[in-house]
Amino acid sequence: MRRNVILWLTLLPLSACAPTQVLQVPTVDVQSVRLTRLSLPGGLGGAPVADLTLNLRVGNPNAIGLRMADIASDVIIDGKKVGRVNLPNVNVPARGSADQVANVSIPVTLDTAGAFLKVARGQLVTYRLDGGFTADFGPLGLQHFGPFTLAQGQWKQNPVLPF
């Protein structure tokens, strides 16, 4: 009996630390996306690439700060996967947000050149970021969440190609 009382008294303070709510999934909002350079297949300037700059805002609706060890996502334009973006070490304060800039160079293939040409010509495309993230819970270890759609929207910018 004494042993049970000691165990109960030991566990009682720990129960106050137990979360009363389930953690909510952080949000990823694309503030802007910009094609900064496009070299096409068959060019003489080396391997063809599309350079993108994504300005993202990662929001944390939870009452505790969150360290995201990794946010990884496929970049999909008009329904076609064109590349991948990876953001390591994103720290988001409790009930706050953190702005992140991702500069990505994506290889351009014959399959993806059409999507990038539409953007470079200033035409409207749809985009999606499908992926997940890995949260670092310290002594409890890493936990992966996803896959799911992190963000989606429409993308149109001023032309970067004269044709």
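This one's a predicted model, so the numbers in the text were calculated from it and none came from an experiment.

Visitor: Lay out the overall build of the protein chain in plain terms, naming residues and giving numbers.
Guide: Along the backbone of the protein chain there are two helices and seven strands. Looking at the protein chain alone, contacts between residues at least 24 apart form 66% of all its contacts between residues at least 6 apart. On the protein chain, roughly 10000 Å² of surface is accessible, and the fraction owed to carbon and sulfur atoms is 57%.

Visitor: Explain the pairing of strand β7 (residues 142-155) to me, using residue names and the numbers behind them.
Guide: Inspection of the sheet shows strand β6 (residues 125-136) paired to β7 by 11 bridges, in the antiparallel sense. From the neighbouring strand, Y127 faces β7, where its bridge partner is G153. Turn length for the β6-β7 hairpin, with the two strands adjacent in sequence and antiparallel, is five residues, and the turn residue G138 shows positive phi of about 60°.

Visitor: Explain the confidence of the model for the protein chain to me, and be specific about the residues and the numbers.
Guide: A residue-level look at the protein chain finds 83% of positions with pLDDT of 70 or above and a mean pLDDT of 83. Confidence drops under pLDDT 50 across residues 1-16; counting only partners more than four residues distant or on other chains, this segment forms zero contacts.

Visitor: Mind laying out the packing of aromatic side chains, listing which residues take part and the relevant values?
Guide: Counted by the stated rule, this structure contains two aromatic pairs. Here the aromatic rings of F133 and F145 are separated by 5.1 Å at their centres, their planes lie at 25°, and the arrangement is stacked. Residue F133 is located in strand β6, and its partner F145 is located in strand β7; the two are separated by 12 residues in the primary sequence. Classification of F133 by relative accessible area gives buried; the value is 4%. When the centroid spacing of 6.3 Å and the interplanar angle of 75° are considered together, the rings of F133 and F148 count as edge-to-face.

Visitor: Describe the nonpolar core, naming the residues involved and giving the relevant values.
Guide: One finds L38, F116 and W155 to be the most contacted residues of the largest nonpolar core, which totals 40 residues. Listing elements by their share of this core, those giving two or more residues are β1 (27-38), β2 (49-59), β3 (66-77), β4 (80-92), β5 (97-107), α2 (113-120), β6 and β7. Contact partners of L38, with chain neighbours within four places excluded, come to V49, A50, V108, F116, L117, A120 and L161.

Visitor: Describe in detail the pattern of salt bridges, supporting the description with residues and values.
Guide: For side chains of opposite charge, pairing can occur when their charged atoms come near one another. Taken as a whole and assessed by the stated rule, the structure comprises seven salt bridges. Here R128 and D130 are joined by a salt bridge, their closest N and O atoms 2.9 Å apart. Overall, R128 belongs to the partly exposed group, its relative accessible area being 29%. One salt-bridge network, in which partners are shared between bridges, spans D74, K81 and R84.

Visitor: With reference to specific residues and values, describe the sheet that holds β5.
Guide: In space, the three strands of this open sheet follow the order β1-β2-β5, with antiparallel pairing throughout. Two strands close off the open sheet at either side, each with one partner strand: β1 and β5. When strand polarity is set aside, the average angle formed by the axes of neighbouring strands in this sheet is 20°. Bridging between β2 and β5 involves 11 bridges; their strand directions are antiparallel. Looking at β5, one finds that V49 is bridged to P107.

Visitor: I'd like to hear about the side chain of T53, residue by residue, with values.
Guide: Here T53 shows up in strand β2. A polar side-chain atom of T53 sits 2.9 Å from a polar atom in the side chain of N103. In this view, T53 contacts S32, V33, R34, T36, V101, A102 and N103; residues no more than four positions away in its chain are not counted.

Visitor: Residue-level account of the environment of V28, with values.
Guide: Its place among the elements puts V28 in strand β1. Exposure remark for V28: the relative accessible area of 8% places this residue in the buried category. Separated by 29 residues in the primary sequence, V28 and R57 place their C-alpha atoms 5.8 Å from one another. Apart from the residues lying within four places of it in its own chain, the contact partners of V28 are L56, R57, L150 and A151.

Cut-offs applied
- Residues numbered from 1 in each chain as written.
- Predicted model: local features only at pLDDT ≥ 70, side-chain atom pairs only at ≥ 80, totals over all residues.
- Heavy atoms only, no water.
- Helix = DSSP H or I, 4+ residues; strand = E, 2+ residues; numbered from the N terminus.
- Contact = heavy atoms within 4.5 Å.
- Areas by Shrake-Rupley, 256 points an atom, 1.4 Å probe, with all protein chains shown as cover.
- Pairing = 2+ DSSP bridges.
- pLDDT = per-residue confidence, 0-100.
- Phe/Tyr/Trp six-rings, centres within 6.5 Å; stacked < 30°, edge-to-face > 60°.
- Buried < 20%, exposed > 50% of the residue type's maximum accessible area, 1.4 Å probe, protein only.
- Core = buried A, V, L, I, M, F, W, Y, C linked by side-chain atoms within 4.5 Å.
- Salt bridge = Lys/Arg side-chain N within 4 Å of Asp/Glu carboxyl O.
- Axes fitted to C-alpha atoms, helices over the stretch in contact; angles between N-to-C directions.
- Polar contact = N/O pair within 3.5 Å; in protein donor to acceptor, adjacent residues only side chain to side chain.

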